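# Structural overview
Each chain, written out:
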Amino acid sequence: MNVNYTNLNYSKKPKVFNRPERFIEGWYWVIPSKKLGVGEIKPVTILGRELVIYRGEDQQVVILDAYCPHFGAHLGEGTVEGNELRCFFHHWKFDAAGFCVEIPCLDEPVKVKTKSWPTGEKYGLVWVWTGETPQQPLPFIPELELDECVSAFGKRLIMNCHPNIFMINAIDTQHFNTVHNLLSEFNFEKQELNENAITFTNTTDESPDSFLIKLIRPFYKKSVNFSLCYWYGMTGFITIGIGILQFNIMFASRIIEAGKAEVMTVFIAKKRQSIVGKLYNILVLWLSQFVIEYFINNDAKILRSIQFKLKSPIDFDQSIIEFVNHLENQKALKWETWYIDRIRDGEMGEIEKRPKREKWNDELVND
Ligand code: FES
Ligand SMILES: [Fe+2]
């Protein structure tokens, strides 16, 4: 194979990839849906920004900035009333869009609002969109885009590396052989699903000698499919196999302090109605756990101490470079503020506040 990497068109100083102070505007996981019952409110910190999350009577999840726009009390101390939230301090009440709808000592509330963020629920998790209006649907597995699914949680991992580095492990073709004894030859074909999602599909036949392939081979007529789909460089879906015996694993990650990754592992299967189908799904979800343990245990050694720098890429690193380039073209936000980070060549970190949605509350909004 040609090892002349000058053809790989790779920026040696990425501005978004593996940068702890930036992330791409998109959907990020918040908490498991089951952990938020009707009428419950919780404080959460997502990508450095302090928020509160509650579920109203209508079952809808609401996410607001954490601090009350009156005196700055933490809204997490407040209470949910119907679909609205009442601050504990002076009892001002806010609706799901963040508007103040009641001030007990006034006949009419003043025109003030707090920031409300778009939310959604999928694969057993609550998600937040880190911008004004969602530009994409919630992250999905392309193979199961239109299917109703069931899911089961695996481990919540804290990795000593940036989420992007954790994600590229699954397209690092060389290590499949050296670390996992999985496939002797590997060739990914990339496809951009949209501006924020990229897929990699293996196009080579599997190695008959690999431990994992030996285990699952008897179940398949054709070669075993292996594909990945990444959203915003931080949520990754791995799909192994096709048809009835298909494993789908989601790694939903986000950056926490010091650029580390917090990763939620979720196993996903197409929903089946019959008793046999349901039992079968339990087996598939359980087996998925086994498959992923096999990978993670071997990778842990590397990921806890790596200081990633793609100094000498070769052609075998092509997919990783495609991943980096895909991220570099997306809209970057600043960790903690979620302000839009305008990055130009040779001029880093110029930050712009988001445009306000409503003119009349420009001076009163706490943003
Ligand atoms: S601080 Fe919330 S109502 Fe006063
Ligand atoms: Fe790995």
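Residues numbered from 1 in each chain as written. Chains lettered and ligands numbered in written order. Predicted model: local features only at pLDDT ≥ 70, side-chain atom pairs only at ≥ 80, totals over all residues.

### Side note on the overall build of the protein chain
Counting its secondary structure elements, the protein chain contains 5 helices and 22 strands. Burial analysis of the protein chain (367 residues in total) assigns 34% to the buried set. Summarising the internal contacts of the protein chain: among those between residues at least 6 apart in sequence, 58% fall at separations of at least 24. (Helix = DSSP H or I, 4+ residues; strand = E, 2+ residues; numbered from the N terminus. Buried ≥ 20, exposed ≤ 12 C-beta atoms within 10 Å, placed from the backbone. Contact = placed C-beta atoms within 7 Å.)

### Quick notes on the confidence of the model for the protein chain
On average, residues of the protein chain carry a pLDDT of 86, and 83% of them reach 70 or more. Here residues 1-7 is modelled with pLDDT under 50, and outside its nearest four sequence neighbours on either side it reaches 6 contacts, counting other chains as well. (pLDDT = per-residue confidence, 0-100.)

### What to know about the environment of Val38
Note that Val38 resides in the loop between strand E2 (27-32) and strand E3 (41-46). Sequence separation between Val38 and Gln60 is 22 residues; the distance between their C-alpha atoms is 8.5 Å. In this view, Val38 contacts Arg55, Glu57 and Gln59; residues no more than four positions away in its chain are not counted.

### Some words on the sheet that holds strand E9 (residues 100-102)
Strand order across the open sheet formed by 4 strands is E6-E7-E8-E9, with antiparallel pairing between neighbours. A single partner strand is all that each edge strand has here, and the edge strands are strand E6 (79-81) and E9. In this sheet, strand E7 (residues 84-86) lies alongside E6 in antiparallel orientation, the contact comprising 3 bridges. From the neighbouring strand, Val80 faces E7, where its bridge partner is Leu85. (Pairing = 2+ DSSP bridges.)

### Topic: helix H4 (residues 275-303)
A rise of 1.5 Å per residue sets the reference length of H4, with its 29 residues, at 42 Å; its end C-alpha atoms lie 40 Å apart and thus fit the reference within 8%. Among the structural elements, strand E13 (149-159), strand E18 (247-255) and strand E19 (261-270) are those in contact with the buried residues of H4. (Expected span 1.5 Å × (residues − 1).)

### Comments concerning helix H5 (residues 318-328)
By the burial criterion, the buried members of H5 are Ser319, Ile320, Glu322, Phe323, Val324, His326 and Leu327. The elements touched by buried residues of H5 are strand E1 (22-24), helix H1 (163-168), helix H2 (173-178), strand E14 (188-194), strand E15 (197-202) and strand E16 (226-231).

### Re unusual backbone geometry
Phi at Leu47 takes a positive value of approximately 50°, unusual for a residue other than glycine. By the element assignment, Leu47 lies in the loop between E3 and strand E4 (49-55). Notably, Trp338 is not glycine yet its phi reads approximately 65°, a positive angle. Residue class for Trp338 comes out buried when judged on the 22 C-beta atoms lying within 10 Å of it.

### So, the sheet that holds strand E17 (residues 235-240)
If you walk across this open sheet you meet the 7 strands as E13-E19-E18-E17-E16-E15-E14, and the pairing is antiparallel. The sheet is open, and its two edges are formed by E13 and E14, each paired on a single side. Strand after strand, the sheet turns through a mean of 20° between neighbouring axes, direction not considered. Two strands pair when backbone bridges link them, and E16 and E17 are joined in this way by 6 bridges, in the antiparallel orientation. Bridged to Leu228 within E17 is Ile238. H4 contacts E13, E17, E18 and E19 of the sheet and is inclined by roughly 150° relative to E19. Packing against the sheet, H5 makes contact with E14, E15 and E16, and its axis sits at approximately 15° to E14. (Axes fitted to C-alpha atoms, helices over the stretch in contact; angles between N-to-C directions.)

### Re the pairing of E15
Bridge count for E14 against E15 is 6 bridges, and the pairing is antiparallel. For Glu189, the partnering residue across the bridge sits in E15 and is Thr201. In this structure, E15 lies alongside E16, joined through 5 bridges in antiparallel fashion. Within E16, the position partnered with Thr201 by the bridge is Ser227.

### Describing the environment of Phe176
The topology assignment puts Phe176 in helix H2. Owing to 23 C-beta atoms within 10 Å, Phe176 belongs among the buried residues under this scheme. Here the alpha-carbon distance between Phe176 and Phe186, two residues 10 residues apart in the chain, equals 8.6 Å.

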